[in-house]
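Structural description and commentary
Okay, here's what each chain looks like letter by letter:
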Amino acid sequence: MMVSFVDKKELQNDTDLLSAHAQWEINYWHQRASRVESDIREDLTGTRKDLKVTEIRVYNDKGAQMSSYLIGLAAKDGVFVLSVSPAKKDVDPLVKELVSSFKLVPRNLDAEEAKRLSSEAKAQR
């Protein structure tokens, strides 16, 4: 798993930051791999419009495959990205659970508020 942030300036100020980020990642892998396939996984996001899950499959010249799920969460200044590269094939339930637990809080949290929000999120599952 890897977490990163991509500034909207890197995405050329595109109005749809989530799509721009997914395309940015796909372009990156096209430059480094023999073949790249991708799918937008709306089945894992539910009704949320503030995030996007993109499944990317990258192949080398010998046909070996690496899969990665990019979970992009839109923010005012860019996109927070959680990249999950599963060792197992059936990672959809884990990705769906991660996606349902994301909540962007546009301010600093003290320890008590972070604990309360975490408890509320667990109770909603």
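Residues numbered from 1 in each chain as written. Predicted model: local features only at pLDDT ≥ 70, side-chain atom pairs only at ≥ 80, totals over all residues. Heavy atoms only, no water.

1. A short note on the side chain of T54
Among the secondary structure elements, T54 is positioned in strand β3 (residues 51–59). The buried category is assigned to T54, whose relative accessible area is 3%. (Helix = DSSP H or I, 4+ residues; strand = E, 2+ residues; numbered from the N terminus. Buried < 20%, exposed > 50% of the residue type's maximum accessible area, 1.4 Å probe, protein only.)

2. Side note on a nonpolar patch on the surface
A contiguous nonpolar surface patch, about 250 Å² in accessible area, is contributed by F5, F80 and L104. Positionally, F80 belongs in strand β5 (residues 78–84). A relative accessible area of 36% means that F80 is categorised as partly exposed. (Patch = residues over 30% accessible without salt bridge, like charges linked within 9 Å, V, L, I, M, F, W, Y side chains within 5 Å. Areas by Shrake-Rupley, 256 points an atom, 1.4 Å probe, with all protein chains shown as cover. Salt bridge = Lys/Arg side-chain N within 4 Å of Asp/Glu carboxyl O.)

3. Side note on empty space enclosed by the protein
Taken as a whole, this structure holds one cavity of 30 Å³ or more when the rule is applied. Taken as a whole, the largest cavity holds about 50 Å³ of empty space. As for the largest cavity, its lining consists of L18, H21, A22, K52, T54, L70, G72 and V79. Contributing elements (two or more residues each) for the lining of the largest cavity: α1 (17–30), β3 and β4 (65–75). It is α1 that provides the largest number of residues to the lining of the largest cavity, a total of three residues. Residue composition of the lining of the largest cavity, grouped by class: four nonpolar, three polar and one charged. (1 Å grid on protein atoms, 1.4 Å probe; cavity = no way out; pocket = protein on both sides within 12 Å on 5 of 7 lines; lining within 4 Å. Points joined across faces, edges and corners; volume = space filled by probe spheres on them. Nonpolar A, V, L, I, M, F, W, Y, C, P; charged D, E, K, R; others polar.)

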